[in-house]
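A closer look at the structure
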Amino acid sequence: MRRASVGATFNFYRDGDGADARCHRLRTYLEARENAPLLLVGEAAGHRGARVSGIPFTSERQLTGRGPAEATATIVRRTLAELGLEQETLCWNVVPTHPHRPSQPHTNRPPTQAEIDESRQFLDELARGRRLIAVGRMAERALGVPGVRHPSHGGAQAFRDGLRRLLA
């Protein structure tokens, strides 16, 4: 990931303070989930989540107790824990780097189709031998697999219910 260049997104594994720590965290996370049978895939890294922590659907506050919290990360991780799936699930994003508005690094924007296409190689590698579940409509369209509602903007319960339904 350190060498990846994905459109106009910010590669927080290569650039910015803490890039080495984020790379180490991602490597450790991927190794720990090497045999996870589920791959939960969101849209893209967010400015309060993976951009800071280095781990998809995870905020810095969840890891260290400091730094920004991120609502989606909190809901996703809490739900996985409640369902007993935390260790069985590898979380990733269609676009693993951070798309933001020009000159506004603390914003999120939807990834472009070109950024989605450029990121596909990473997703394909992680998807081998795993059951994919898309989080949100964009991820569902990009992956062509069943999905669950994104938990943001009041969707927490629908996210939980969707996961339960898909995994029943």
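My aim in this report is to walk through the structure given alongside it, one point at a time.

Our next topic: the overall build of the protein chain. Secondary structure assignment for the protein chain yields 7 helices and 4 strands. Traced from its N-terminal end to its C-terminal end, the protein chain shows the element sequence α-β-α-α-α-β-α-β-α-β-α. Over its C-alpha atoms the protein chain spans a radius of gyration of 15 Å, differing by no more than 12% from the 15 Å that the globule rule assigns to 168 residues. Referenced to the eigenvectors of the C-alpha coordinate spread, the extents of the protein chain come out at roughly 40 × 35 × 30 Å. Here the protein chain holds 168 residues, and the buried ones make up 49% of them. In the protein chain, the proportion of contacts linking residues at least 24 apart, taken out of those at least 6 apart, comes to 61%. Across the protein chain, the centroid of the 25 positively charged side chains sits 4 Å from that of the 18 negatively charged ones.

It is worth spelling out helix α1 (residues 19–32) at this point. Helix length check: α1, at 14 residues, gives a terminal C-alpha distance of 20 Å against a target of 20 Å (1.5 Å per residue), a fit within 8%. Looking only at α1, the buried set comprises Ala19, Arg22, Cys23, Leu26 and Tyr29. One face of α1 carries all of its buried residues, which in axial projection span an arc of 130°. Exposed side chains of α1 directed beyond 90 degrees from the buried face belong to Asp20, Glu31 and Ala32. Turning to α1, the residues buried within the fold contact α2 (50–53), α4 (71–82) and β2 (89–95).

Another point: the pairing of β2. Two faces make up the sheet, and in a regular strand the side chains alternate between them. Counting buried positions over the 7 residues of β2 gives 7, a clear majority of the element. Across 6 bridges, strand β1 (residues 38–44) lies against β2 in parallel orientation. Across the sheet, residue Leu38 finds its bridge partner in β2, namely Thr89.

Let's shift gears to the pairing of β1. Counted residue by residue, β1 has 6 buried out of 7 residues, so it is predominantly covered. Both β1 and strand β3 (residues 131–135) contribute to a ladder of 4 bridges, which runs parallel. When the sheet's bridge partners are listed, Leu38 is paired in β3 with Arg131.

So, on to the nonpolar core. Residues Leu39, Leu40, Val94 and Phe159 are the most contacted members of the largest nonpolar core, which totals 44 residues. If you list the elements that add at least two residues to this core, you get α1, β1, α4, β2, α5 (113–127), β3, α6 (137–143) and α7 (156–167). Leu40 has contacts with Phe57, Val76, Leu80, Thr89, Leu90, Cys91, Trp92, Ile133, Val135, Phe159 and Leu163, leaving out every residue within four places of it along the chain.

Applying the stated criterion across every chain yields a total of 9 salt bridges. Asp20 is the salt-bridge partner of Arg2, the closest N and O atoms lying 2.9 Å from each other. In this pair, Arg2 sits in the segment before α1 while Asp20 sits in helix α1, placing the two residues 18 residues apart along the sequence. Classification of Arg2 by relative accessible area gives partly exposed; the value is 35%. For the salt bridge of Glu86 with Arg77, the shortest nitrogen-to-oxygen distance reads 2.7 Å. Just as Glu86 is buried, Arg77 falls in that class too. Residues participating in the shared-partner salt-bridge network are Arg33, Arg77 and Glu86.

Rules of the game
- Counting starts from 1 at the beginning of each chain's written sequence and moves along it residue by residue.
- Restriction of local features to residues with pLDDT of at least 70 applies here, the model being predicted, together with a cutoff of 80 or more for giving and counting side-chain atom pairs; totals for whole chains, interfaces and linings are based on all residues.
- As a rule here, side-chain values come from all non-hydrogen atoms in the structure, and water together with hydrogens is ignored.
- Put simply, DSSP H or I for four residues or longer makes a helix, DSSP E for two residues or longer makes a strand, and each gets a number counted from the N terminus.
- Each radius of gyration is computed over the set of C-alpha atoms, and the globule rule expresses the reference value as 2.2 Å times the number of residues to the power 0.38.
- Any residue under 20% of the maximum accessible area for its type is buried, any over 50% is exposed, and the rest in between are partly exposed; the area is computed with a 1.4 Å probe on protein chains only.
- Here, two residues are considered to be in contact whenever any of their heavy atoms come within 4.5 Å of each other.
- Residues counted as positive are Lys and Arg, residues counted as negative are Asp and Glu, and His and the chain ends are not counted.
- Note on charges: their place is set at NZ of Lys, CZ of Arg, CG of Asp or CD of Glu.
- In this scheme, a helix's expected span is set at 1.5 Å multiplied by one less than its residue total.
- Relevant arc is that of directions from the helix axis to the C-beta atoms, nothing else.
- Any two strands are treated as partners once DSSP identifies two or more bridges connecting them.
- By nonpolar core is meant a set of buried Ala, Val, Leu, Ile, Met, Phe, Trp, Tyr and Cys residues that side-chain atoms within 4.5 Å join together.
- One side-chain nitrogen of Lys or Arg within 4 Å of one carboxyl oxygen of Asp or Glu is enough to make a salt bridge.

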